[in-house]
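In case you want the letters, here they are:
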Amino acid sequence: MQHRIIVLGAGYAGATVAGRLARRLRREEVAITLVNAEPDFVERVRMHQLAAGQDLKPRPFREMFAGTGVGLRLAKVTGVDVDRKTVAVIDANGAEELTYDTLVYALGSGWNAQDVPGTTEHADEIASRSGALRLRERLARLDAGQSVVVVGGGLTGLEAATEIAEARPDLDVALAARGGLGDWLSPKGREHLRKIFGKLGITVHEHAAVTGVEADRVTTADGKAIPAAVTVWTTGFAVHPIAKSTALEVTGTGQIVVDGTMRSVSHPDVYAVGDAAMVMGPGDKPLRMSCASGAPTAFQAAGAIAARLSGGKLPNVPIRYFNQCISLGRKQGLIQYVTADDRARQAVLVGRLAAVYKELICKGAAWAVANPTFGLPTRRHRVTREPAVANSAVKALV
Ligand SMILES: Cc1cc2nc3c(=O)[nH]c(=O)nc-3n(C[C@H](O)[C@H](O)[C@H](O)COP(=O)(O)OP(=O)(O)OC[C@H]3O[C@@H](n4cnc5c(N)ncnc54)[C@H](O)[C@@H]3O)c2cc1C
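What counts and what doesn't
Residues numbered from 1 in each chain as written. Predicted model: local features only at pLDDT ≥ 70, side-chain atom pairs only at ≥ 80, totals over all residues. Heavy atoms only, no water. pLDDT = per-residue confidence, 0-100. Contact = heavy atoms within 4.5 Å. Salt bridge = Lys/Arg side-chain N within 4 Å of Asp/Glu carboxyl O. Helix = DSSP H or I, 4+ residues; strand = E, 2+ residues; numbered from the N terminus. Buried < 20%, exposed > 50% of the residue type's maximum accessible area, 1.4 Å probe, protein only. Pairing = 2+ DSSP bridges. Axes fitted to C-alpha atoms, helices over the stretch in contact; angles between N-to-C directions. Near = heavy atom within 4 Å. Polar contact = N/O pair within 3.5 Å; in protein donor to acceptor, adjacent residues only side chain to side chain. Areas by Shrake-Rupley, 256 points an atom, 1.4 Å probe, with all protein chains shown as cover. 1 Å grid on protein atoms, 1.4 Å probe; cavity = no way out; pocket = protein on both sides within 12 Å on 5 of 7 lines; lining within 4 Å. Points joined across faces, edges and corners; volume = space filled by probe spheres on them. Nonpolar A, V, L, I, M, F, W, Y, C, P; charged D, E, K, R; others polar.

1. Concerning the confidence of the model for the chain
Step number 1: Summing up the model confidence of the chain, the mean pLDDT is 93 and the portion of residues at 70 or higher is 95%.
Step number 2: Across residues 386–398 the pLDDT falls below 50, and counting only partners more than four positions away or on other chains, this stretch makes 27 contacts in the model.

Pasting the structure below:
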């Protein structure tokens, strides 16, 4: 009987795990099913571009996974029962229950409204394709001189504000940040950021914690009202809520707690990768939700599952940061080099070259998902053992 592996979510992390597993294990011995709600791969790192009016290359999963041995199931996951080892899904034909031997949970994240009054009614988001497309329509309807406020001074906020300001120089674009503009960057990085924001005419409201959103304005903790015909909310991501409704051990925010092999600490048949997983990185700091963290978690999970099933050696993929790649519109970028635990070093790369570098990173990430098995050894391992069997090497990684 085949060992049934179900991967939930075909984002950067889930698609990578499925492709790698297909390359590592013998097709006649494992059945790998990748479940995703949408038929196309969503390049989330480009959602600000989509919102600003650019068209993205369609990337249908059916083409991406043709001939790989990965079974694609286009359906929405509605529940997971980790005790019965089942996943509830629904598609146009109705509801169904799928049974797994090993589960990889990679449902990613969405926007985080943070319970600020008015956000869900009035603010737009760019954490999902549907959100980005909605914002795109709203921006297209704005007349010259109307105001757009991007709330959130993190990487996504910086990218959104600059992309919108570059695409629509006729609009009055502002950014509201809880701290100072790019205050975690090196001095050179901050300087470049200010220069580009100045050139693009973006008004910056620093130390402005937004406490309310209305149809035509946002209000800050110190009582200031900032006019906003459109508010773009980018204050971090919230993980998919399904994990929290299961018996899995999760953090307060709903991320699945995993060990160093990406295996759930409460349910050894379940792995979590990408934004959905709570992974400790260098310096004993949790990894931030990003592709930069998601890719190595996917490599680690795929390697660990294959090793446990085939009795091989557990991998120990280094999980660390090298840089933060920030697009500042299509013509400018900022590459901030960082320490392994994500603190800014002095060195930065700025300007057009940085924009090209960032574009190559985005292209490379999508290409890696579209070619999930490229470059991997073709030798497939036999399934020799059940995944739940304790392996002494695991303890060393935990
Ligand atoms: C505008 C923007 C810019 C960003 N820029 C960068 C960057 O420059 N660098 C970087 O490292 N990170 C960046 N990120 C963050 C990065 O995109 C995420 O961290 C990354 O996408 C997480 O990957 P993932 O595979 O865990 O989840 P996701 O990419 O979110 O994938 C989850 C998948 O699960 C599917 N899914 C969700 N719910 C269900 C369900 N109920 N049923 C079935 N399928 C479901 C989704 O359709 C999706 O395919 C950016 C994010 C945004 C929004």
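After presenting the structure, the write-up continues.
2. Thoughts on the pattern of salt bridges
Step number 1: Counted under the stated rule, the structure contains 24 salt bridges.
Step number 2: Residues Arg138 and Asp124 are paired through a salt bridge, measuring 2.7 Å at the closest nitrogen-oxygen approach. Placement of Arg138 in helix α5 (residues 129–141) and of Asp124 in strand β9 (residues 123–124) is noted, with a sequence separation of 14 residues between them.
Step number 3: Arg138 sits in the partly exposed class, given a relative accessible area of 26%.

3. Quick notes on the sheet that holds strand β5 (residues 86–91)
Step number 1: An order of β4-β5-β6 is seen for the three strands of this open sheet, with the pairing classed as antiparallel. The sheet is open, and its two edges are formed by β4 (76–81) and β6 (94–99), each paired on a single side. Between one strand axis and the next, the sheet turns through 25° on average, direction left out of account.
Step number 2: Where β4 and β5 come together, five bridges link them in antiparallel fashion. Bridged to Gly79 within β5 is Ala88.

4. What to know about the site of the ligand
Step number 1: Asn36, Arg44, Val77, Cys291 and Lys358 are the nearest of the 31 residues found near the ligand.
Step number 2: Note that an oxygen atom of the ligand is positioned 2.9 Å from one of the backbone N or O atoms of Ala13.
Step number 3: Asn36 has a polar side-chain atom sitting 2.8 Å from an oxygen atom of the ligand.
Step number 4: Summarising the interface, the protein chains cover 90% of the accessible area of the ligand, which totals 1,000 Å² for the free molecule.

5. Some remarks on empty space enclosed by the protein
Step number 1: In this structure the tally under the stated criterion is one cavity of 30 Å³ or more.
Step number 2: Considered as a void within the structure, the largest cavity measures approximately 70 Å³ in volume.
Step number 3: In terms of lining residues, the largest cavity is bounded by Gln255, Gly274, Asp275, Ala277, Val279, Leu287, Arg288, Met289, Ser290, Ser293, Gly294 and Thr297.
Step number 4: At three residues, the largest contribution of residues to the lining of the largest cavity is made by helix α8 (residues 291–310).
Step number 5: The class makeup of the residues in the lining of the largest cavity is four nonpolar, six polar and two charged.

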